[in-house]
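What follows is the residue order along each chain.
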Amino acid sequence: MHRAERDPFDWIDARHERLRAAGLVRTLRPRRADASLTDLAGNDYLGLSRHPEVTEAAAGAARVWGAGATGSRLVSGSTGLHSRLEESLAEFCGFEAALVFSSGYAANLAAVTALSGPVGSGTLLVSDEGNHASLIDGCRLARAEKTVVPHADPEAVRKTLAAHGGRALAITDSVFSVDGDAAPLPALAAVCREAGAALLVDDAHGLGVLGEGGRGAVHAAGLAGAPDVVTTVTLSKSLGSQGGAVLGPARVIAHLVSTARTFIFDTGLAPAAAGAALAALGVLRREPERAHRVRAVARELHRRVTEAGLRAVRPDAAVVSVQAPSPEAAVQWAADCREAGLAVGCFRPPSVPDGISRLRLTARADLSDAAVARAAGTVVATAPAV
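Residues numbered from 1 in each chain as written. Predicted model: local features only at pLDDT ≥ 70, side-chain atom pairs only at ≥ 80, totals over all residues. Heavy atoms only, no water.

> Please give an account of a nonpolar patch on the surface that cites residues and values.
Together, Phe-9, Trp-11 and Ile-12 make up a nonpolar patch on the protein surface, roughly 350 Å² of accessible area in all. Tracing the chain through its elements places Ile-12 in helix 1 (residues 10–21). By relative accessible area, Ile-12 is classed as partly exposed at 39%. (Patch = residues over 30% accessible without salt bridge, like charges linked within 9 Å, V, L, I, M, F, W, Y side chains within 5 Å. Areas by Shrake-Rupley, 256 points an atom, 1.4 Å probe, with all protein chains shown as cover. Salt bridge = Lys/Arg side-chain N within 4 Å of Asp/Glu carboxyl O. Helix = DSSP H or I, 4+ residues; strand = E, 2+ residues; numbered from the N terminus. Buried < 20%, exposed > 50% of the residue type's maximum accessible area, 1.4 Å probe, protein only.)

This is how it looks when you write it as structure tokens:
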């Protein structure tokens, strides 16, 4: 075969076959607007994505500002809605300032890379092994030394920082997305301060669920507004919209504006998403009981499935992780749940670092007690034999 006749993508077919044989092929499944499924797969924790105030705010913002942001935040992509959202997020969560991005993923990439310092600064990034992919990718992109430490282990962080002895940034999720367990934030902050290191916390699964009125895990840990703590949040979970933000000391936010590549070179968050998130934040302020309700729903789901004999991690927030015997069993279990009218998440290798496949149930504040009971019953009734 001549070089010009060679298929440059033939390796994709072989890789796809390996994934298929391992039961790891992923497919898109567009959902219907009128779907009758009970949704425990998405992250609409507070049930705000279809709240009338939120959807009307999105529509109103699009009518006023247009369908898109039209450019990067530093060119034409900043509107009054973006500024109001940043001010409201900072005030609600207890930080000096905030900066809104087009996604939570982009916010995490920005925070990790910009806070790793310039090349040659000697900054060490200390990352929990259970961190979200966006934090892992941020560490990969940052031109700094990196160390991965055991999951939720402040002592391992302390030893790593002590051995380094220089500038460092510890990085952790507040609530880990696979099992729904919470990081020991007060202990992590203590070991960071002992070493003079900064702490970066991804509070994507804490905002709207934990803390006073849903102000987040960092606020609940008494770390909000601390000069050595930075947090990131997503607007696409509890706030039912789209986008992300970095919150922290004003000088940190100013630094991101000038140096964070996913802020400088990315088109700004669509005005409709900014308007929706701002309205959702207003609903949460007015109805803080939504945060209590979503945690109660998670606890009830856990109680029902474990009393039926299934293995599940006790939820620290809104995620309930139920173990499956194999990747294939997890996929079939999720399919059987869907056939019975329940959408659930399905996590399997390589998305789970420990190799244990799971169903992930995400609690929602707008579920009735009867709906919670039916959902748990469906999970139990469709469970694979062990």
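> How would you summarise helix 14 (residues 369–381) if you had to cite specific residues and measurements?
The end-to-end C-alpha distance of helix 14, which contains 13 residues, comes to 18 Å, matching closely the 18 Å that a straight helix rising 1.5 Å per residue would cover. Against the buried residues of helix 14 lie strand 1 (38–40), helix 12 (289–307), helix 13 (327–339), strand 10 (342–347) and strand 11 (358–362). (Expected span 1.5 Å × (residues − 1). Contact = heavy atoms within 4.5 Å.)

> Would you mind going over the state of the cysteines in detail, with residue names and values included?
Per the stated rule, a full pass over the model turns up 0 disulfides. Free cysteine: Cys-93, not disulfide-bonded; nearest cysteine sulfur from Cys-192 at 20 Å. For Cys-93, a relative accessible area of 4% translates into the label buried. Between Cys-192, a free cysteine, and Cys-139, which holds the nearest cysteine sulfur, the sulfur-to-sulfur gap is 13 Å. (Disulfide = S-S within 2.5 Å.)

> Pulling in residues and values, what's your account of the packing of aromatic side chains?
Across all of its chains, the model carries 1 aromatic pair by this definition. Judged by centre distance (5.6 Å) and plane angle (65 degrees), the ring pair of Phe-101 and Phe-263 falls under edge-to-face. A residue pair is termed long-range when its members are at least 10 positions apart, and Phe-101 in strand 2 (residues 97–101) and Phe-263 in helix 10 (residues 261–264) qualify at 162 residues. Exposure remark for Phe-101: the relative accessible area of 2% places this residue in the buried category. (Phe/Tyr/Trp six-rings, centres within 6.5 Å; stacked < 30°, edge-to-face > 60°.)

> So what's going on with the packing of helix 12 against helix 14? Which residues, and what values?
At a closest axis distance of 9 Å, the pairing of helix 12 and helix 14 adopts a crossing angle of 35 degrees. The way helix 12 lies across helix 14 gives a crossing that is right-handed. Residues Arg-293, Val-297, Glu-300, Leu-301, Arg-304 and Val-305 of helix 12 form the contact with helix 14, whose participating residues are Asp-369, Val-372, Ala-373, Ala-375, Ala-376, Val-379 and Val-380. Among the residues forming the contact of helix 12 with helix 14, the class breakdown is 9 nonpolar, no polar and 4 charged. (Axes fitted to C-alpha atoms, helices over the stretch in contact; angles between N-to-C directions. Left-handed = near helix turned anticlockwise from the far one by under 90°. Nonpolar A, V, L, I, M, F, W, Y, C, P; charged D, E, K, R; others polar.)

> I'd like a description of helix 9 (residues 250–259), backed by residues and values.
All buried positions along helix 9 are accounted for by Val-252, Ile-253 and Leu-256. Taken down its axis, helix 9 places every buried residue within 100 degrees of arc, on the same side. Relative to its buried face, helix 9 has exposed residues pointing more than 90 degrees away, namely Arg-251 and Ser-258. Along its buried surface, helix 9 packs onto strand 2, helix 4 (104–115), strand 7 (229–234), strand 8 (244–248) and helix 10. (Arc of directions from axis to C-beta.)

> Explain unusual backbone geometry residue by residue, including any values.
Not every positive phi belongs to a glycine, and Thr-70 is a case in point at roughly 75 degrees. Within the secondary structure, Thr-70 sits in the loop between helix 2 (52–65) and helix 3 (80–93). With a phi close to 50 degrees, Ala-152 is a non-glycine residue in the positive phi region. Position of Ala-152 relative to the elements: it lies in the loop between strand 4 (145–149) and helix 6 (154–164).

> Describe in detail the sheet that holds strand 8, supporting the description with residues and values.
Taken in spatial order, the 7 strands make up an open sheet running 2-8-7-6-5-3-4, and their pairing is mixed. Only two strands of the sheet have a single partner each, and these edge strands are strand 2 and strand 4. Pairs of neighbouring strands in the sheet enclose a mean axial angle of 20 degrees, with direction left out of account. As defined by bridge partners, strand 3 (residues 124–128) adjoins strand 4 across 5 bridges and the pair is classed as parallel. For Asp-128, the partnering residue across the bridge sits in strand 4 and is Val-149. Packed onto the sheet, helix 3 meets strand 2 and strand 8 and runs at close to 130 degrees relative to strand 2. Running at roughly 155 degrees to strand 6 (residues 198–202), helix 7 (residues 185–195) makes contact with strand 5 (168–173), strand 6 and strand 7 of the sheet. (Pairing = 2+ DSSP bridges.)

> Give me the lowdown on the pairing of strand 11, citing residues and values where you can.
In terms of burial, strand 11 is a largely internal element, 5 of the 5 residues being buried. Side chains of strand 11 alternate between two faces, with Arg-358, Arg-360 and Thr-362 and Leu-359 and Leu-361 buried alike. As defined by bridge partners, strand 9 (residues 319–323) adjoins strand 11 across 5 bridges and the pair is classed as antiparallel. In the strand pairing of strand 11, Ser-321 is matched with Arg-360.

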